[in-house]
Amino acid sequence: MSDPADIKEPVAEAPKRSASRQNPGRRVTMTDIARAAGCSQATVSFVLNNTPGIKLSQQTRERVVAAARSLGYRLPVFNAAFQRSPPLTVLDGVIGFVVDQLATSPEAVVAIEGVRQASWNAGNVVLVAQTLSDAVMEPRAMAALTAQHISALVYMTIFTREIVAPPHLYDLDIPVVLLNCHTADYAFPAVVPSEIAGGQNSTRHLIQHGHRRIATITGEPWMQAAQDRLKGYRRALATADIPFDADLVVEGDWSASAGYAATTRLLALKDPPTAIFCQNDRTAIGCYEALKEAGLHIPQDMSVIGYDDEEIARHLFPPLTTSVLPHMAMGQWAVEQFETPVLPGNGRHPITKLECSLVERESVAPPSTRYKNPLS
């Protein structure tokens, strides 16, 4: 990646008064757009400069363009490149979508909607089956889908992980894409969230606000998402020359109750943190409750950042800064792979990782100089 100082920034006109909160006559910068779009300045540069070879989701590109327009930024003359790709026409009308858990998972519904949006205008119907990874029922579900003459298959798991693909996936004579999972043999195109980068960006955001005592409440340690977000947290600390402190890492289980208990434990430290990175939004809900019960204000006394950008995040008080899980974009990416169909087992396919963009809201501020441990 180029050094940020070397990135050419397109010239922007002064924003219109009705479209921006900027001061009249002030030039809109890529930093302004990044803040409004909830992504990095580098991402904005790649979108506005139409940089070739950069894998950004259509969703991210459209969010950057929308933010730029809202600030009165005049887009470059090549802005036609930002328009949605032509509807998919190479399929025969039916896409199969298999997922291990659907009824209890909003992520699966979002991914299915991404597939639908990317293929609907071409007249492709999406047929969905939930399997619970059952060794008996999953092959039967596959057989039922293929009996409907599906032209391609998206195979999704709720938890991001490496899987051992069932034999019937290799036996299909239609293109298969893995969503939120991958195999050790790289036999299928696969897409997952860029979790290490997401954890790193979240922690870096707190560091950029002046925090050095940054705690994190993890998910269950056996899960790849929890492992990768913790790796990102540690990388951000190391890059900023902040020593890692094991006391500031508390294991949770993604629940609000675990967030509450972990926050109470962090507040009891002799030298408590000034910011807490909750590795999902539900954990952040419990964190909020524990902080308010202790008489602390967010973000004046403690900054909090979440992950997942669930609907509740924007309705908390204050609204929660968090990261987007790109399941919508991953569903759209999966359909794009069917434009150049490859049958299972033909070659090795790299794992594509899509950006977990940061959405800045009101739960992060510089550390308070008046903070004292309320439990000491």
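Every value quoted in this text rests on a predicted model; they were computed, and no experiment measured them.

Colleague: So, the overall build of the protein chain: which residues are in play, and what are the values?
Modeller: A tally of regular secondary structure across the protein chain gives eleven helices and twelve strands. For the protein chain, the exposed area adds up to about 17,800 Å²; of that, 53% sits on carbon and sulfur atoms.

Colleague: Help me get a handle on the environment of Asp 173, residues and values and all.
Modeller: Tracing the chain through its elements places Asp 173 in the loop between helix 6 (167-170) and strand 4 (176-183). As for Asp 173 and Pro 344, which are separated by 171 residues in sequence, their C-alpha atoms are 7.5 Å apart.

Colleague: Got a sec to walk through the pattern of salt bridges? Specific residues and values, please.
Modeller: Under the defined criterion, the tally for this structure stands at eleven salt bridges. One salt bridge in this structure joins Asp 100 and Arg 161, with 3.7 Å as the shortest N-O distance. Residue Asp 100 is found in the loop between strand 1 (94-99) and helix 4 (106-119), and its partner Arg 161 is found in strand 3 (residues 152-163); the two are separated by 61 residues along the sequence. For Asp 100, a relative accessible area of 7% translates into the label buried. You can call Arg 161 partly exposed: its relative accessible area is 27%. Residues Asp 245 and Arg 213 are paired through a salt bridge, measuring 2.8 Å at the closest nitrogen-oxygen approach. Pair noted here: Asp 245 is in the loop between helix 8 (224-239) and strand 7 (249-251) and Arg 213 is in the loop between helix 7 (195-208) and strand 6 (214-218), with a separation of 32 residues, a long-range link. Classification of Arg 213 by relative accessible area gives partly exposed; the value is 22%. Connected via shared salt-bridge partners are Asp 309, Glu 311, Arg 314 and Arg 361.

Colleague: Give a description of the nonpolar core that names residues and reports values.
Modeller: In this structure, Ile 276, Leu 291 and Val 304 are the most contacted members of the largest nonpolar core, which totals 37 residues. Elements that contribute at least two residues to this core include exactly helix 7, strand 6, helix 8, strand 7, helix 9 (256-267), strand 8 (275-278), helix 10 (281-293) and strand 9 (303-305). Ignoring sequence-local partners within four residues, the contact set of Val 304 consists of Ile 276, Cys 278, Ala 284, Cys 287, Tyr 288, Leu 291, Ile 298, Leu 320, Thr 321, Ser 363 and Val 364. Val 99, Ala 108, Ile 112 and Ala 329 belong to the second-largest nonpolar core, a separate cluster that totals 22 residues.

Colleague: Can you explain the pairing of strand 5 (residues 190-193)? Please cite residues and give values.
Modeller: Residue alternation in strand 5 divides its side chains into two sets, Ala 190 and Val 192 and Val 191 and Pro 193, and both sets are buried. In the sheet, strand 5 pairs with strand 11 (residues 351-354) via four bridges, with the strands oriented parallel. Following the sheet pairing, Val 191 is matched in strand 11 by Thr 352.

Colleague: How would you sum up unusual backbone geometry? Please name residues and give values.
Modeller: Cis geometry is adopted by the peptide bond preceding Pro 299, which originates at Ile 298 and carries an omega value of 0 degrees. Its place among the elements puts Pro 299 in the loop between helix 10 and strand 9. Backbone geometry places Ser 133, a non-glycine residue, at a positive phi of 55 degrees. Here Ser 133 shows up in the loop between strand 2 (125-130) and helix 5 (137-146). For Ser 133, a relative accessible area of 41% gives the class partly exposed. Positive phi, normally seen in glycine, also occurs at His 149, with a value near 60 degrees. On the secondary structure map, His 149 appears in the loop between helix 5 and strand 3. The class of His 149 is exposed, set by a relative accessible area of 65%.

Colleague: Before we move on, could you go through the packing of aromatic side chains and cite the residues and values that matter?
Modeller: Across all of its chains, the model carries three aromatic pairs by this definition. Ring centres of Phe 159 and Trp 222 lie 6.0 Å apart, and the angle between their planes is 80 degrees; this geometry places the pair in the edge-to-face category. One end of the pair, Phe 159, is in strand 3; the other, Trp 222, is in the loop between strand 6 and helix 8, and 63 residues separate them in sequence. Ring centres of Tyr 170 and Phe 188 lie 5.0 Å apart, and the angle between their planes is 55 degrees; on these two criteria the pair is classed as tilted. Residue Tyr 170 is found in helix 6, and its partner Phe 188 is found in the loop between strand 4 and strand 5; the two are separated by 18 residues along the sequence. Here the basic side chain of Arg 116 rests over the ring of Trp 120, its NZ or CZ set 5.0 Å away from the ring centre.

Colleague: Describe the packing of helix 1 (residues 30-37) against helix 3 (residues 58-70), listing the residues and the values that go with them.
Modeller: It is at 9 Å that the axes of helix 1 and helix 3 come closest, and there the two elements cross at 120 degrees. Judged on the interaxial angle alone, helix 3 and helix 1 are oblique. The way helix 1 lies across helix 3 gives a crossing that is right-handed. Judged by residue contacts, Ile 33, Ala 36 and Ala 37 of helix 1 engage Arg 63, Val 64, Ala 67 and Ala 68 from helix 3. Among the residues making up the contact of helix 1 with helix 3, the classes are represented as six nonpolar, no polar and one charged.

Colleague: Can you lay out the sheet that holds strand 8 for me, pointing to particular residues and giving the numbers?
Modeller: The strand order across the open sheet formed by four strands is 7-6-8-9, and the pairing between neighbours is parallel. Looking at the sheet topology across the chains shown, the edges are occupied by strand 7 and strand 9. Along the sheet, successive strands turn relative to each other by an average axial angle of 15 degrees, direction set aside. In this sheet, strand 9 lies alongside strand 8 in parallel orientation, the contact comprising three bridges. Bridge pairing in strand 9 places Phe 277 opposite Ile 305.

Colleague: How would you summarise the packing of helix 7 against helix 8 if you had to cite specific residues and measurements?
Modeller: Relative orientation of the contacting elements helix 7 and helix 8 amounts to 40 degrees, with a least axis distance of 7 Å. Classified by the interaxial angle, the pair formed by helix 7 and helix 8 is oblique. Classified by chirality, the crossing of helix 8 by helix 7 is right-handed. Seen from helix 7, the contacting residues are Glu 195, Ile 196, Gly 199, Gln 200, Thr 203, Arg 204 and Ile 207; seen from helix 8, they are Ala 225, Asp 228, Arg 229, Lys 231, Gly 232, Tyr 233, Arg 235, Ala 236, Leu 237 and Thr 239. For the contact of helix 7 with helix 8, the per-class residue count stands at six nonpolar, five polar and six charged.

Here is what the cut-offs are and how they apply
Residues numbered from 1 in each chain as written. Predicted model: local features only at pLDDT ≥ 70, side-chain atom pairs only at ≥ 80, totals over all residues. Heavy atoms only, no water. Helix = DSSP H or I, 4+ residues; strand = E, 2+ residues; numbered from the N terminus. Areas by Shrake-Rupley, 256 points an atom, 1.4 Å probe, with all protein chains shown as cover. Salt bridge = Lys/Arg side-chain N within 4 Å of Asp/Glu carboxyl O. Buried < 20%, exposed > 50% of the residue type's maximum accessible area, 1.4 Å probe, protein only. Core = buried A, V, L, I, M, F, W, Y, C linked by side-chain atoms within 4.5 Å. Contact = heavy atoms within 4.5 Å. Pairing = 2+ DSSP bridges. Phe/Tyr/Trp six-rings, centres within 6.5 Å; stacked < 30°, edge-to-face > 60°. Lys NZ or Arg CZ within 6 Å of the ring centre and 35° of its normal. Axes fitted to C-alpha atoms, helices over the stretch in contact; angles between N-to-C directions. Parallel < 35°, antiparallel > 145°, perpendicular 65-115°, else oblique. Left-handed = near helix turned anticlockwise from the far one by under 90°. Nonpolar A, V, L, I, M, F, W, Y, C, P; charged D, E, K, R; others polar.

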